[in-house]
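Analysis of the macromolecular model
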Amino acid sequence: MPTPRPLSPHLQIYRLTLTMVVSGVHRLSGLALSAGAFVAVLWLIALGRGPAAYGDLVRALRSAPGLLIVAALIVSFWFHLSSGIRHLIWDTGHALERREARRGAALVVLAALLGSALTLVVVAHRMWGGA
Amino acid sequence: MSLRSPLGRVTGMGAAHDGVAHWWAQRVTSIALIPLGLWLVFALLSLPDLSYATAVAFVSAPRNAVLLLILIPVLCYHGYLGVTVVLEDYVPDRGQRLTLVLLTAFAYVLATTAGMFSVLRLALGHGP
């Protein structure tokens, strides 16, 4: 057993800020995409196995839970991409001041919403719109 | 004057000298994944449909096959690095942590190999 030591204040002590949420969602979206890599590989494996296996997988992805997974991956992609670019900018030592950090967080949310909305519209149009 | 902590001196264990390797690999893969990820999303969105024939033609086109063969290991490596950090942060038990990190590594090696093999098989015309 480790010696009981004082704990640092827990998360719920602090007022929730946008920068905190963006930080957490960066990690969550990364986890979602890490799982999504397996979905992509399953898609490739099914493709290699032939039309029957491929048809089964595409049908599964077109079901309600499947579409929910695809939508979550699309949102995660745009969020993790914009937030990741913000992290890379931080690594150069820039935009770390409080004002810039707040503005950056808002920009990440905006970019993620925009990218996701456009992608989802195209996907929906492909599935249900036209021909 | 030494900057080593008293604890460091007592345990006699110096730096492992590979402390930045994980951090650095995560940055390098993330930079590579910006164009690769954008390419994949836009390429998939511009496919006319998701039929078997379209998908096979897409994966077997040489340019797409090469990019996929780069994307798969880079994506899986980046994912492995990220999941490992999360496990190291939230799994306090040493044994459980080691087991989960190892399982993650094995799963991503399997995904990388299976994904790349599927692409190669289709691109080289050995499909089903």
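Our structure's up above, just so we're on the same page.
Quick caveat: nothing in here was measured; it's all calculated off a predicted structure.

Looking at the interface of chain A and chain B
Taken together, the contacts link 29 residues of chain A with 38 residues of chain B. Per-residue buried area on chain A facing chain B is highest for Arg27(A), Leu44(A) and Leu47(A); these three make up 21% of the total on that side. For the interface between chain A and chain B, the tally reads 2 salt bridges. Looking at the side of chain A that touches chain B, the elements with two or more residues in it are α1 (18–49), α2 (51–62), α3 (64–91) and α4 (98–128) of chain A.

A word on the side chain of Ser76(A)
Residues and elements named next belong to chain A. Locating Ser76 in the fold gives a position in helix α3. For Ser76, a relative accessible area of 9% corresponds to the buried category. Within the structure, the side chain of Ser76 is placed 2.8 Å from the backbone oxygen of Ala72, a separation counted as a polar contact. Setting aside its immediate chain neighbours within four residues, Ser76 contacts Ser29, Ala32 and Leu33.

A few points about the packing of helix α3 (residues 52–60) of chain B against helix α5 (residues 94–123) of chain B
Residues and elements named next belong to chain B. Axis separation between α3 and α5 bottoms out at 8 Å; the angle between their running directions is 95 degrees. One way to sum up the angle between α3 and α5 is to call them roughly perpendicular. Judged by residue contacts, Val56, Val59 and Ser60 of α3 engage Val119, Leu122 and Ala123 from α5.

Quick look at α4(A)
Between the first and last C-alpha of α4(A) there are 44 Å, a value that for 31 residues agrees with the 45 Å anticipated at 1.5 Å per step. As for α4(A), its buried residues are in contact with α1 and α3 of chain A together with α2 (19–45) of chain B.

Overview of unusual backbone geometry
All names here are of chain A. The phi dihedral of Ala95 falls on the positive side, at around 60 degrees, and the residue is not glycine. Residue placement: Ala95 occurs in the loop between α3 and α4. Since its relative accessible area comes to 26%, Ala95 is described here as partly exposed.

Looking at the nonpolar core
Core analysis: the largest hydrophobic core is formed by 29 residues, its most contacted members being Trp43(A), Leu47(A), Val59(B) and Val119(B). Within the residue set of this core, elements represented by two or more residues are α1 and α2 of chain A together with α2, α3, α4 (62–90) and α5 of chain B. Here this core gets 8 residues from one element, more than from any other, and that element is α4(B). When near neighbours in sequence (up to four residues on either side) are disregarded, Val119(B) contacts Leu44(A), Val59(B), Ala65(B), Leu68(B), Leu69(B) and Ile72(B). Within the second largest apolar cluster, 6 residues are counted, among which are Phe77(A), Trp78(A), Leu81(A) and Val41(B).

Some thoughts on the packing of α3(A) against α4(A)
All names here are of chain A. At a minimum axis distance of 8 Å, the contact between α3 and α4 shows a crossing angle of 145 degrees. For the element pair α3 and α4, the recorded crossing hand is right-handed. Its residues assigned to classes, the contact of α3 with α4 comprises 15 nonpolar, 6 polar and 1 charged.

How each quantity is defined
- Residues numbered from 1 in each chain as written.
- Chains lettered and ligands numbered in written order.
- Predicted model: local features only at pLDDT ≥ 70, side-chain atom pairs only at ≥ 80, totals over all residues.
- Heavy atoms only, no water.
- Contact = heavy atoms within 4.5 Å.
- Buried area = accessible area lost by both parts, 1.4 Å probe.
- Salt bridge = Lys/Arg side-chain N within 4 Å of Asp/Glu carboxyl O.
- Helix = DSSP H or I, 4+ residues; strand = E, 2+ residues; numbered from the N terminus.
- Buried < 20%, exposed > 50% of the residue type's maximum accessible area, 1.4 Å probe, protein only.
- Polar contact = N/O pair within 3.5 Å; in protein donor to acceptor, adjacent residues only side chain to side chain.
- Axes fitted to C-alpha atoms, helices over the stretch in contact; angles between N-to-C directions.
- Parallel < 35°, antiparallel > 145°, perpendicular 65-115°, else oblique.
- Expected span 1.5 Å × (residues − 1).
- Core = buried A, V, L, I, M, F, W, Y, C linked by side-chain atoms within 4.5 Å.
- Left-handed = near helix turned anticlockwise from the far one by under 90°.
- Nonpolar A, V, L, I, M, F, W, Y, C, P; charged D, E, K, R; others polar.

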